[in-house]
There are 2 protein chains.
Amino acid sequence: MVLEFAVSPKTKPPAKMSTPSPFLYSILILIVSFLCQASAIQLNGARYLGNFWSSSRTLSLLAKSRAPKYQYETKYFQQKLDHFSFADLPSFSQRYLINTQHWEGPSRSGPIFLYCGNEGDIEWFAANTGFVWEIAPRFGAMVIFPEHRYYGESMPYGSKEEAYKNATTLSYLTAEQALADYAVLITELKRNLSAQACPVVLFGGSYGGMLAAWMRLKYPHISIGALASSAPVLQFEDLVPPETFYSIVSNGFRRESMSCFNTIKESWDVINKVGQINSGLAQLTKTFHICRELESVDSLSNWLESAYSYLAMVNYPYPTDFLMPLPGSPIKEVCRKIDSLPDGASVLQRIFEGISIYYNYTGKVDCFDLNDDPHGMSGWDWQACTEMIMPMASNRTTSMFPEFYYDPKSNEEQCLKDFHVKPRPTWITTEFGGHEFKSALKAFGSNIIFSNGLLDPWSGGSVLEDVSETIVALTTKKGAHHLDLRAATAEDPDWLLDQRSSEIKLIRGWLDEHYDEKKAISAYR
Amino acid sequence: MVLEFAVSPKTKPPAKMSTPSPFLYSILILIVSFLCQASAIQLNGARYLGNFWSSSRTLSLLAKSRAPKYQYETKYFQQKLDHFSFADLPSFSQRYLINTQHWEGPSRSGPIFLYCGNEGDIEWFAANTGFVWEIAPRFGAMVIFPEHRYYGESMPYGSKEEAYKNATTLSYLTAEQALADYAVLITELKRNLSAQACPVVLFGGSYGGMLAAWMRLKYPHISIGALASSAPVLQFEDLVPPETFYSIVSNGFRRESMSCFNTIKESWDVINKVGQINSGLAQLTKTFHICRELESVDSLSNWLESAYSYLAMVNYPYPTDFLMPLPGSPIKEVCRKIDSLPDGASVLQRIFEGISIYYNYTGKVDCFDLNDDPHGMSGWDWQACTEMIMPMASNRTTSMFPEFYYDPKSNEEQCLKDFHVKPRPTWITTEFGGHEFKSALKAFGSNIIFSNGLLDPWSGGSVLEDVSETIVALTTKKGAHHLDLRAATAEDPDWLLDQRSSEIKLIRGWLDEHYDEKKAISAYR
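Residues numbered from 1 in each chain as written. Chains lettered and ligands numbered in written order. Predicted model: local features only at pLDDT ≥ 70, side-chain atom pairs only at ≥ 80, totals over all residues. Heavy atoms only, no water.

**Student:** Pulling in residues and values, what's your account of the overall build of chain A?
**Tutor:** Secondary structure assignment for chain A yields 18 helices and 13 strands. Expressed as a percentage of its 525 residues, the buried residues of chain A come to 64%. Residue pairs in contact within chain A that sit at least 24 positions apart in sequence constitute 72% of those at least 6 positions apart. Put simply, chain A shows about 18,800 Å² of open surface, and 51% of that area lies on carbon and sulfur atoms. (Helix = DSSP H or I, 4+ residues; strand = E, 2+ residues; numbered from the N terminus. Buried < 20%, exposed > 50% of the residue type's maximum accessible area, 1.4 Å probe, protein only. Contact = heavy atoms within 4.5 Å. Areas by Shrake-Rupley, 256 points an atom, 1.4 Å probe, with all protein chains shown as cover.)

**Student:** Which residues make up the environment of glycine 275 of chain A, and what are the values?
**Tutor:** Residues and elements named next belong to chain A. Structurally, the position occupied by glycine 275 is in helix 9 (residues 258-276). The class of glycine 275 is buried, set by a relative accessible area of 19%. Sequence spacing of glycine 275 and proline 408 is 133 residues, and the spatial spacing of their C-alpha atoms is 29 Å. Once residues within four sequence positions are removed from consideration, glycine 275 is found in contact with Gly280, Leu281, Leu284 and Val297.

**Student:** Provide a residue-level description of the environment of arginine 108 of chain B, including the pertinent values.
**Tutor:** Secondary-structure assignment places arginine 108 of chain B in the loop between strand 5 (92-99) and strand 6 (112-115). Here the alpha-carbon distance between arginine 108 of chain B and glutamate 266 of chain B, two residues 158 residues apart in the chain, equals 63 Å.

**Student:** An account of the interface of chain B and chain A is needed here, citing residue identities and associated values.
**Tutor:** In many reports, interface size means the accessible area that the parts give up when they come together. Residue-level contacts link 45 residues of chain B with 45 residues of chain A. Around 3,900 Å² of area is buried between chain B and chain A when both sides are counted, 62% of it from carbon and sulfur atoms. Our count for the contact surface shared by chain B and chain A stands at 2 salt bridges. In this assembly, chain B and chain A are joined by 19 residue pairs in polar contact (both at pLDDT 80 or more). (Buried area = accessible area lost by both parts, 1.4 Å probe. Salt bridge = Lys/Arg side-chain N within 4 Å of Asp/Glu carboxyl O. Polar contact = N/O pair within 3.5 Å; in protein donor to acceptor, adjacent residues only side chain to side chain.)

**Student:** So what's going on with the sheet that holds strand 13 (residues 471-476) of chain A? Which residues, and what values?
**Tutor:** Residue and element names in this part refer to chain A. With mixed pairing, 8 strands are arranged side by side in an open sheet as 4-5-7-6-8-9-12-13. For this open sheet the edge positions go to strand 4 (73-79) and strand 13, each flanked by a neighbour on one side alone. On average, each strand axis in the sheet is inclined to that of its neighbour by 20°, with strand direction left out of account. The sheet contact formed by strand 12 (residues 448-453) and strand 13 spans 6 bridges and is parallel. Note that in strand 13 the partner of glycine 453 across the bridge is threonine 476. In this fold helix 3 (residues 130-139) packs onto strand 5 (92-99), strand 6 (112-115), strand 7 (142-146), strand 8 (200-205) and strand 9 (225-229), with an angle of close to 150° to the strand it touches most, strand 7. (Pairing = 2+ DSSP bridges. Axes fitted to C-alpha atoms, helices over the stretch in contact; angles between N-to-C directions.)

Printed below as a string of structure tokens:
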């Protein structure tokens, strides 16, 4: 579900940009479960990693949150640190959550529903992936949520401190290793439970959705199908235009109100101009109710940009209440605020009022802490500097954000500086397919649902059209970031019920076909 | 082509075996190009690695051999040592042979024929894979032979000495890394040649055939099809009975003559009995014309067993002349010798005369050197102790070899002792598919030819029935180890011509379909 989604922050000073300093842009991204993190700004070569939350704080909040609680046992499995070499490395303990309460068991080949854990604590994903828990009983399915290595409790080298110590200890934090973890875990679990004949169905949202789809591609013998929700598997190299993400975010605002879009678009120059004057930063600090005086304009811009991107991802049709409460269709509310101020209101006042919908919907926040203590290296930052190189840009015509270009060179420099690691921008496309991804899936794949809400800026990097009869795209015009995986609520609109119903039907179809084939084989024997 | 194929040598003293000492058995295996190596015997826990050739000697012989010479350029490509981690490891230089003489080029989307190099010097595979060179011109295809890491000149750490130093330096010698090498190499080559649209067809024999098939499974976007000749992809875990290999070897003798089969079956006890008496080893040394006096019965038995297995693999219908000259249908000749000695001849005399067909067909050898200086760690021995765990056994009913069982425990102990590495007997089936391999291929695969000669003992571990319309099995009753990949000769029987013709037609079909699809896509656009 969730998932912070830090974009590889690569930007270049736009040639004709009105901002005086080379404004190196970037952005973070986030998640359904309303986590937001790792927005990065480059200014004169310096990169600022801002974290709006730290994992520990998030989790303690989560513990108190209203997220539904599901029943499971917590178990641990010893995994090899490097599946693809025989280097003498310490194994590590992978956590997984398991519930067999409704499982039909091996004798009836009861299915196994497995959520591909992504970049965060697995309990959090479990709590925010209600769909899997809710449908498991009707399928007689076991539910497993394995945790992604280097997140939550699944730490190599015994602790997060040791695992995140340096590039050497972090070096086994890769998607391929995580996929192999899942393959080994499933195979061993099935062996131990004599459940070899039980079909596995994969689920995943965001990066977890990418893992589910890749798992289907790389380990077709392990599962019979995958629901990959909001999985931007094409957000690499030049598979989609780099402007896609910010254009979709911007469209989310434009469709609500052209003047709202224009106000935001205008605001960056205003902020920069104010920032340049004497005591300009103090003025901005005051206008935006920032707790500690701003040290640069960019930290403010970054804070705003992150909120817009985040709003687009969680632009859900009904009110949500995770780490912070938001109204339904929050972008509509933000734009209503921006547009509704009296004629004399300044651009900055409008922006502040608008953004407060996001950062302060309850009205209880007195001032905003932009520099929420960064908790050092984050796993996703590492992944975004190694494999998950997702080029991002913003252009003048379709975006309300400042113009910037994707610059692989400066990205590499930054990653070398931050992590002492060189990104491999062409590796994911080599390993999982680039321009041939869809045709390879078509010829060499089956049983994947790519579900996307078109309001979600990540949808532009996903699969939005059917690839084959069994690799299908389910899109909802008004959906956002993997809404379908969330627990059902009374406010769910019809189109969301329809989407989930289609998913259930497709999964049922995979299972029926699987059982029919098995029956045919045993009858034949 | 070639391919030494060392089987993981795991055996247990048979409960009722007449040999007095725990006879721990094993075998080497080899290759089309007639290499034979790494036969291992365990006796009281001691393991003897006998090499019938050392790479260097083989290659110098090869240089002088009559193997056809093909034109190519030799190039090198920098590869990452570990594709699946970001550990700071030295890159290494992968050698590849390339010929673009007949290539239709990027403008006409000329195909690329790529042979998946296996465990040996790539020049040697190139010299012994005439089929690829011979058919390339008619397809307008480029030909590439990349070398497998840790073989030939493609040595990590600068030299074989350094690469083979210990388990740490050897740890990146795995099939998955080799597959990733090929994927990266192809992707980069195509990029550099603006040949992204050029379809790749894979070829491979023996372990190279396994790589070709796995490549198709794991990297479907990289190639459009694969010819996997004599690829025992199912020779793992319990996918086929462990007795399969030796039963097929034995059948090769039984079908020629029951008395020949029985003489060989009887001989092991005779050898053991003679070995036990005073000066028995001296007597055996003399009978078998061994240069240096035998130190144990097992080294003789091993020498004989290897020859039988080797004969079964290269039981070709016409005379061949590689490292040593052999008549056509050599098993027939061996059995003729064994059977044709006068009634008074002893079992040992018969065996010696028979085996001389194999070891001394020219009659020029005065004595045999069993302990051909082992050249230390061989790459395949490492692979057979890590991933390539192929259980082997021999039973009383179907085998002419001494009875022995597969014992994973003693295998592990031996590998720990020899290489300080623990085998992962379930890894290959987890990574590439076990009992679900064929059904995964069927649902999630296309365009693979599994070609096998049924005389080849490795055929029992390969795919012998069509899996789907496009994943087909081509078997020849009288074929042996990947004969189809060899250069055409005047003596090729009709069934071999038919087999190659079928392969050409299938490859043509893959290409036609690929071009049609591309055309349809561009017409649609």
